[in-house]
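Below are the chains, spelled out letter by letter.
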Amino acid sequence: MIIHNKYIDLFEKMEQTIGARKTAGICPAMGYTSNLDILCDFRIDVLNRLLETHMPDADLNALQPAKYIKTAEDFISTVVHYCRNGIGGEVDIEDFAVIENLFDTKPGIGGTSAQAAMALAAVGCPSVIHLTDDSREVCGLLHSPYIRTVSPDGELIHTDRVNQRREQEIHYIIQFEKGDVIRSRGQTVEIPASNRLIVTRVTVNAFVPFSQPYFDYIERHAKSISSNVLSSFNCIRDERVLRERLDAVTRHVRAYKKNNPAGVTFFEDAHYHSLDIRKLCIETLYPEVDIVCMNEEELALTLGMYDRPVDIGDILSCIEGVFFLKNLFSVKKGIIVHTKDYSMYAGDEPGADIESGLIYGNLMATAKAMYGSYGTREQIFEVMKLPLSEKGLRHRERAMASPYAAKTAIVPTKYIDKPKYTIGLGDSFVGGVQICFM
């Protein structure tokens, strides 16, 4: 089927597909973190004024990101670095007082699992979610008839019934737009790509406290859990704590698969605050899961950690890199890579129509980029009117003509050149992919 026609077919069947799964009592499980995002209305003129006030003599092309933001100068240098390179990332801050009055803000949901659940809820698809930040604000934003969590008594409940037991965690989100120009005393730098910087003050997610009732419920009801999403170990710094969490997840994944061999274990990668922590996560979890998922920046970083060069602009180089990682770590089925131009699965037969999962993931991510909210069916209908990425189409054609064609699926995205919204796109994509496993 021509990929454009498959987009149309899947969109038209989306309600019916989700309805059938709801009738059968099947849904994905989403783990593990949640937090309160503070979404900043970032304006380039504010950054330019900050440069003039605090760093008038700075060389824009020499500014580097702070490892830990303590001052206004640290913040400015960090933002300029990420904007100049059009890349995303996360940086810790000592005190939000440094930045809290710089931009207009509004609250949002943070955490891969939480945002994926929100994306699914927007199209009426249920999920079970694990919470870390269970504050009133987070649970209020998550409240939906389609999102449930597991109570301390092992009961499925909606988030309005959650009693807060843990500390709140706040992340400030700086979203910057392609084409904006940083200016400082005769210097100009044009932002090459829209992306986002996450400024964090980690509290509860430094430990990712697990809910044993959540694990027990998923294992006990494994047959009704179509996929089991694992994510968000990236803020943990203490190796001892991480090993404890990874040991628990490994036991849980094996119990889930024992009770539902057809269920899919799905690990979404992330930007890590420590390469040692990242390495431990990779080497522990990749061999345990069916599918690993990441963006192209994470693909390049991971391959670089294992001395494997990759050209992320060359689709065959990316495919070869993916198979290198799959084979190195014995990923059970395959690896997904998601980008602004295409999404890709490379590996063995996944036991589902993975191309449909990539399409649903693309649609939900583009809706988030287009509207800044989790896409409803009506908003996704508008996304359907967008053209397919020409670069993505070229990548698809080249891969289909390559020796990797039989083990690779590439789907071009519905393309937006200058998305205003860049936070939660990968998380929304993860939510959409889960539909194909249900």
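Provided above is the structure to which this section pertains.
### What about the overall build of the protein chain?
Okay, step 1: A tally of regular secondary structure across the protein chain gives 14 helices and 18 strands.
Okay, step 2: Taking 22 Å as the expected radius of gyration for a compact globule of 438 residues, we find that the protein chain reaches 21 Å, a close match to that expectation.
Okay, step 3: Along the three orthogonal principal directions, the C-alpha set of the protein chain runs to about 60 × 55 × 45 Å.
Okay, step 4: A total of 438 residues make up the protein chain; the buried ones form 60% of that total.
Okay, step 5: Sequence separation of at least 24 residues holds for 75% of the intrachain contacts in the protein chain that already meet a minimum separation of 6.
Okay, step 6: On the protein chain, roughly 17,600 Å² of surface is accessible, and the fraction owed to carbon and sulfur atoms is 48%.

### Quick notes on the pattern of salt bridges
Okay, step 1: One pass over the structure, following the stated rule, counts 25 salt bridges.
Okay, step 2: The partner of Arg237 in a salt bridge is Asp92, with the nearest N and O atoms 2.5 Å apart. Separated by 145 residues along the polypeptide, Arg237 in the loop between strand 13 (225-230) and helix 7 (239-259) and Asp92 in strand 4 (residues 89-93) bring together distant segments of the chain.
Okay, step 3: The partly exposed category is assigned to Arg237, whose relative accessible area is 46%.
Okay, step 4: For Asp92, a relative accessible area of 10% translates into the label buried.
Okay, step 5: The closest approach of N and O atoms between Asp348 and Lys326, which form a salt bridge, is 3.1 Å. Taken together, the residues Asp348 in the loop between strand 17 (342-347) and helix 11 (354-371) and Lys326 in helix 10 (residues 315-329) connect sequence positions 22 residues apart.
Okay, step 6: Where salt bridges share partners, they join Lys6, Asp353, Glu355 and Arg396 into one cluster.

### Comments concerning helix 11
Okay, step 1: Its 18 residues give helix 11 an end-to-end C-alpha distance of 26 Å, which sits within 8% of 26 Å, the value for a rise of 1.5 Å per residue.
Okay, step 2: Counting buried positions over the 18 residues of helix 11 gives 16, a clear majority of the element.
Okay, step 3: In the segment just after helix 11, Gly372 is the residue with positive phi, at about 80°.

### Things to note about the sheet that holds strand 16 (residues 334-338)
Okay, step 1: Taken in spatial order, the ten strands line up as 8-7-6-1-13-14-15-16-17-18 in an open sheet, and their pairing is mixed. Edge strands, defined here as strands with exactly one partner in the open sheet, are strand 8 (156-158) and strand 18 (408-412). For this sheet, the mean angle separating the axes of adjacent strands, direction not counted, is 25°.
Okay, step 2: Sheet analysis places strand 14 (residues 264-268) next to strand 15 (residues 291-295), joined by three bridges and oriented parallel. Its bridge partner lying in strand 15, Phe266 is registered against Ile291.
Okay, step 3: Contacts between helix 9 (residues 296-305) and the sheet are confined to strand 15 and strand 16, with strand 15 contributing the most and set at about 105° to the helix.

### Focus: the sheet that holds strand 5 (residues 105-110)
Note on sheets: strands pair through backbone hydrogen bonds, and any given pair is parallel or antiparallel.
Okay, step 1: Strands sit in the order 3-4-12-9-2-5 across an open sheet of six strands; the sheet is mixed. Every other strand in the sheet has two partners, leaving strand 3 (68-69) and strand 5 as the edge strands with one partner each.
Okay, step 2: In terms of strand pairing, strand 9 (residues 170-176) meets strand 12 (residues 195-201) through seven bridges, oriented antiparallel. The partner of His171 across the bridge, within strand 12, is Thr200.

### Observations concerning the packing of helix 7 against helix 8 (residues 275-285)
Okay, step 1: Helix 8 packs onto helix 7 with a crossing angle of 20° between their chain directions and a minimal axis gap of 11 Å. If you check the angle between helix 7 and helix 8, you find them roughly parallel. With respect to the hand of their crossing, helix 7 and helix 8 are arranged in right-handed fashion. Judged by residue contacts, Glu239, Leu242, Arg243, Leu246, Val249 and Thr250 of helix 7 engage Ile277, Leu280, Cys281, Thr284 and Leu285 from helix 8.
Okay, step 2: In terms of residue class, the contact of helix 7 with helix 8 is built from seven nonpolar, two polar and two charged.

### A look at unusual backbone geometry
Okay, step 1: Following Gly31, the chain continues to Tyr32 via a peptide bond in cis, the omega torsion being 10°.
Okay, step 2: Tracing the backbone shows Tyr32 in the loop between strand 1 (27-30) and strand 2 (35-40).
Okay, step 3: Unusually for a residue other than glycine, Arg185 sits at a positive phi of about 45°.
Okay, step 4: Residue placement: Arg185 occurs in the loop between strand 10 (181-184) and strand 11 (187-190).
Okay, step 5: Arg185 sits in the exposed class, given a relative accessible area of 54%.
Okay, step 6: Phi is positive for Val208, which is not a glycine, with a value near 45°.
Okay, step 7: Topologically, Val208 is positioned in the loop between strand 12 and helix 6 (212-220).

### With respect to the environment of Glu100
Okay, step 1: Among the secondary structure elements, Glu100 is positioned in the loop between strand 4 and strand 5.
Okay, step 2: Relative accessible area serves as the criterion here: at 39%, Glu100 is assigned to the partly exposed category.

Cut-offs applied
- Throughout, residues of each chain are indexed from 1 in the direction in which the sequence is written.
- The predicted nature of this model means local features are confined to residues of pLDDT at least 70 and side-chain atom pairs, given and counted, to a pLDDT of 80 or more, with totals for whole chains, interfaces and linings taken over all residues.
- Note that the side-chain values use all heavy atoms of the structure and ignore hydrogens as well as water.
- Going along the chain from the N terminus, every DSSP run of H or I of four or more residues is numbered as a helix, and every run of E of two or more is numbered as a strand.
- For this measure, only C-alpha atoms enter the radius of gyration; the expected value for a globule follows 2.2 Å times N^0.38, where N is the number of residues.
- Think of it in three bands: with a 1.4 Å probe and only protein chains considered, a residue is buried below 20% of the maximum accessible area for its type, exposed above 50%, and partly exposed in between.
- What makes two residues a contact is simply this: any of their non-hydrogen atoms within 4.5 Å.
- Computed with a 1.4 Å probe, the accessible areas rest on the Shrake-Rupley method; for each residue, only the protein chains presented here act as cover.
- A pairing counts as a salt bridge when a side-chain nitrogen of Lys or Arg comes within 4 Å of a carboxyl oxygen of Asp or Glu.
- By this rule the span expected of a helix is its residue count minus one, scaled by 1.5 Å.
- Paired strands are those between which DSSP finds at least two bridges.
- Note on geometry: axes are lines fitted to C-alpha atoms, helical ones only across the stretch in contact, with angles between N-to-C directions running from 0 to 180 degrees.
- In these notes the angle categories are as follows: under 35 degrees is roughly parallel, over 145 is roughly antiparallel, 65 to 115 is roughly perpendicular, and the rest is oblique.
- Left-handed describes a crossing whose near helix is turned anticlockwise from the far helix by less than a right angle; the clockwise case is right-handed.
- Polar here means any residue outside two lists: the nonpolar Ala, Val, Leu, Ile, Met, Phe, Trp, Tyr, Cys and Pro, and the charged Asp, Glu, Lys and Arg; Gly therefore counts as polar.

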